[in-house]
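Okay, here's what each chain looks like letter by letter:
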Amino acid sequence: MSSKPATLFDKVWDSHVVRKIEDGPDVFFIDRHFIHEVTSPVAFLGLEQRGLTVMFPGKTFATADHNTPTINQHLPVQDPLSANQLKALETNSGKYGISHWGLGNPKNGIVHVVGPENGITQPGMTVVCGDSHTSTHGAFGAIAFGIGTSEVEMVLSSQCIMQPKPKKMRISVNGRLGKAVTPKDVVLYIISKLTAAGATGYFVEYAGDVFEQMSMEGRMTVCNMSIEMGARGGIIAPDETTFAYIKGKDKAPKGEAWDTALAYWKTLKTDDDASFDREYHFDASDIEPMITFGTNPGMGMGISNRIPVSEEAGSGKSSYEKSLDYMGFREEESMLGKKVDYVFIGSCTNGRIEDFRAFASIIKGRKKADHVTAWIVPGSHVVEQQIKEEGILDLLLDAGFQLRQPGCSACLAMNDDKIPAGKYAVSTSNRNFEGRQGPGARTMLASPLVAAAAAVTGVVTDPRELIAEEKV
Amino acid sequence: MAYDKFTVLKSTAVPMPIENVDTDQIIPARFLKATERKGFGDNLFRDWRYNNDNTPKKDFVLNNPLYTGKILVGGKNFGSGSSREHAAWAIYDYGFRCVVSSFFADIFKNNSINVGILPVQVSEIFLDKIFTAIEANPKNEIEINLPEQTITILSTGESESFDINGYKKNNLMNGYDDIDYLQAMKADIRSFAATSLY
């Protein structure tokens, strides 16, 4: 290790370069590879066509999540194409000796929920998956990012990919977060400031009090959405919160191996004099509960604000108008009081126990609005179990909600959980793109608290109005 | 999967002056259920291209017979969002070999090169000039010269150079790919892996 001041990102990246190619990418070694049913079948087909095999099957983990139903998982999957894709994952994993958590397995769930939950993701690792929200795992001080299927084939066959090293950005948020301001609001705020392309070409380190005081669940929510401002990934220096989360998990190091790992993990932080290509500083007290009004995650605002005019939004006028037109909104309108048809809580962004606790805190003692359809989808069976054990399920049932089974669900609407055309959804997921949650669906991204407030009032509502003062 | 080598491409172009064209627009998730790489071009820009009853939307550029060619010209931040390589497969399968924009999302750019599509990043001013030239006459051709790393509007002679690293350029020009490269250095990878903490 050189004595030159280095960032956390440099330390992890540089220790994984197998070869530097002049005027080309780095040959980059991958410690953990997650695969799911949608982006892996063609990679396995590629292996077969080339006569290759999987080099280190113990470093790849398969789970089914994108294309799975969230009800009646004990029954055969009805859609033949989906069933075929799930079968392919099972067959390919079996053939090459890869761990497979298929539908019905108690470890099954969304890849970016189950990886950390089982201690597979650890500080200092490189983690990839054919899914852009792999950035989630950066919460542990790992370099984690999404890859394409050609790269999935590279990792399977050689445990490496070819990547140019991204530039480095640091985003610091300091100060005290206000009432009902959650990690989701922090990241939606950052994206609204930087725009949906503001961090393209960069890898982001999140720093400052706000992240230091955040739970692992919160850090995962933040890192998860790094891709929504174009960043390849986000990373947060591991600390006692990280170590406490990992310790004792199924795949975490044990005994002497734990001590060795811990000693190394403690060195994983940005040196004082290290430099970044770009830095941003934000004040925690400027952040409100957020909601998006457009068709990319950069089009977000504080829930009490008015929809900006295109000149303020820093986007091309015609694209901006197309976006508002799709949503059925106008410049300078307030979002408060807008009718909500669907509420979705779940996804790799907000499908962890802390998110359901937050949702329940507002639901408690209230009823679901009659016209709202709510899909409450845990990120994994472990989360589902926690929801039951903590009494959250009883609370949900009392309020007129139902709990579904784990999976990506309405976040990308690959299964039957599709928002109908023209309908409005407040969603705790990560993308409000046109048609993302179903053809013609209109998505407003928000935190679990904002989602809960919408679910009980049936309109876009500031959650601060529903939280008693003593709960602050 | 093998792709056609890329050297010099002279073609008319299809203009799509929309910003933030994300991969959910390029190919919606419900069309990602295949286990083989076949037929994705049919669903390229599905929801912009077709009505719910599968009739073509007349005002969408791919349904306008005036605009054809192997070059797709998009607005700023093309290919954002999901890492689905299916987006690049759909573009390739439809018949495009090159996408031009003033800004590309990272994963899409990587995926494109890996499947044999050249992403050409130009200045916003030059991008506007391309849109103007196509608007003036959809038959106006664009020339992409990979060895020289230049893009030229043939009707006006205006030209700009573009960046690509030497390794990837060599791959595209010769039809090489990363998987073969990595296979050839497996001994090094094996010794590297032996020292890994994980």
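Reading the values: rules and limits
- Residues numbered from 1 in each chain as written.
- Chains lettered and ligands numbered in written order.
- Predicted model: local features only at pLDDT ≥ 70, side-chain atom pairs only at ≥ 80, totals over all residues.
- Heavy atoms only, no water.
- Salt bridge = Lys/Arg side-chain N within 4 Å of Asp/Glu carboxyl O.
- Helix = DSSP H or I, 4+ residues; strand = E, 2+ residues; numbered from the N terminus.
- Buried < 20%, exposed > 50% of the residue type's maximum accessible area, 1.4 Å probe, protein only.
- Pairing = 2+ DSSP bridges.
- Axes fitted to C-alpha atoms, helices over the stretch in contact; angles between N-to-C directions.
- Arc of directions from axis to C-beta.
- Contact = heavy atoms within 4.5 Å.
- Polar contact = N/O pair within 3.5 Å; in protein donor to acceptor, adjacent residues only side chain to side chain.
- Buried area = accessible area lost by both parts, 1.4 Å probe.
- Nonpolar A, V, L, I, M, F, W, Y, C, P; charged D, E, K, R; others polar.
- pLDDT = per-residue confidence, 0-100.
- Core = buried A, V, L, I, M, F, W, Y, C linked by side-chain atoms within 4.5 Å.

1. Details of the pattern of salt bridges
- Tallying each qualifying case throughout the model produces 32 salt bridges over all chains.
- For D417(A), the salt bridge identified is with R404(A), shortest N-O distance 3.2 Å. Placement of D417(A) in the loop between α16 (392-398) and β17 (424-427) and of R404(A) in the loop between α16 and β17 is noted, with a sequence separation of 13 residues between them. Across this residue pair, the class does not change: D417(A) and R404(A) are buried.
- A salt bridge links D24(B) to R436(A), with the nearest nitrogen and oxygen atoms 2.9 Å apart. Taken together, the positions of D24(B) in helix α1 (residues 23-26) and R436(A) in the loop between β17 and β18 (442-445) put the pair across two chains. As far as burial versus exposure is concerned, D24(B) and R436(A) are alike and both buried.
- Among the charged side chains, a network of salt bridges with common partners joins D10(A), D14(A), K165(A) and K168(A).

2. Focus on the sheet that holds strand β7 (residues 143-146) of chain A
All names here are of chain A.
- Pairing is parallel across the open sheet formed by five strands, whose spatial order is β5-β4-β3-β6-β7. Two strands bound the open sheet, and with one partner strand each, they are β5 (99-101) and β7. Here the strands of the sheet are splayed against their neighbours by 20° on average, with no regard to which way each runs.
- Pairing of strand β6 (residues 126-129) with β7 involves four bridges; the strand directions are parallel. Its bridge partner being in β7, C129 is matched across the sheet by G146.

3. Some thoughts on helix α15 (residues 381-389) of chain A
Residue and element names in this part refer to chain A.
- Along α15, the residues that are buried comprise H381, V383, E384 and I387. Relative to the axis of α15, the buried residues are bounded by an arc of 160° and lie together on one face.
- Buried residues belonging to α15 abut α4 (111-117), α14 (353-363) and α16.
- The opening residue of α15 is S380, an N-cap whose side-chain oxygen sits 3.3 Å from the backbone nitrogen of V382.
- G391 sits one or two positions beyond α15 and adopts a positive phi of about 80°.

4. What about the sheet that holds β17(A)?
All names here are of chain A.
- The sheet built from four strands is open, its strands ordered β16-β15-β17-β18 with parallel pairing. Lying at the two open borders of the sheet, with one neighbouring strand each, are β16 (373-376) and β18. Across the sheet, the mean angle separating the axes of adjacent strands is 20° when strand polarity is ignored.
- Judged from the four bridges that link them, β17 and β18 form a sheet pairing that is parallel. Directly across from V426, in β18, lies its bridge partner M444.
- Lying over the sheet, helix α12 (residues 317-327) contacts β17 and β18, oriented at roughly 105° with respect to β18.

5. Focus on the environment of S3(A)
- Note that S3(A) resides in the segment before α1 (8-14).
- On a C-alpha basis, the gap between S3(A) and Y326(A) in space is 53 Å, while along the polypeptide they are 323 residues apart.

6. Re the interface of chain B and chain A
- Listed as interface residues are 54 residues of chain B and, on the opposing side, 74 residues of chain A.
- Interface area, chain B with chain A, both sides summed: about 5300 Å², of which 59% is carbon and sulfur.
- For the pair chain B and chain A, the interface holds five salt bridges.
- Linking chain B with chain A are 30 residue pairs in polar contact (both at pLDDT 80 or more).
- Those elements that place two or more of their residues in the side of chain B that touches chain A are α1, α2 (46-49), α3 (86-94), α4 (106-115), α6 (166-174), α7 (178-183) and α8 (186-194) of chain B.
- Residues of the side of chain B that touches chain A, tallied by class, amount to 22 nonpolar, 15 polar and 17 charged.

7. A word on the confidence of the model for chain B
- Residues of chain B with pLDDT of at least 70 account for 99%, and the chain-wide mean is 96.
- Scored as a complex, the prediction yields pTM 0.97 and ipTM 0.96.

8. Here's the deal with the nonpolar core
- In this structure, F359(A), M444(A), F45(B), F78(B), V100(B), I144(B) and I151(B) are the most contacted members of the largest nonpolar core, which totals 113 residues.
- Here the element with the most residues in this core is helix α17 (residues 448-457) of chain A; it accounts for eight residues.
- M444(A) has contacts with I291(A), T292(A), M327(A), F329(A), M335(A), V340(A), Y424(A), A425(A), V426(A), S427(A) and V460(A), leaving out every residue within four places of it along the chain.
- If you look at the next biggest cluster of nonpolar residues, it comprises 101 residues, including F44(A), I171(A), Y202(A) and W258(A).

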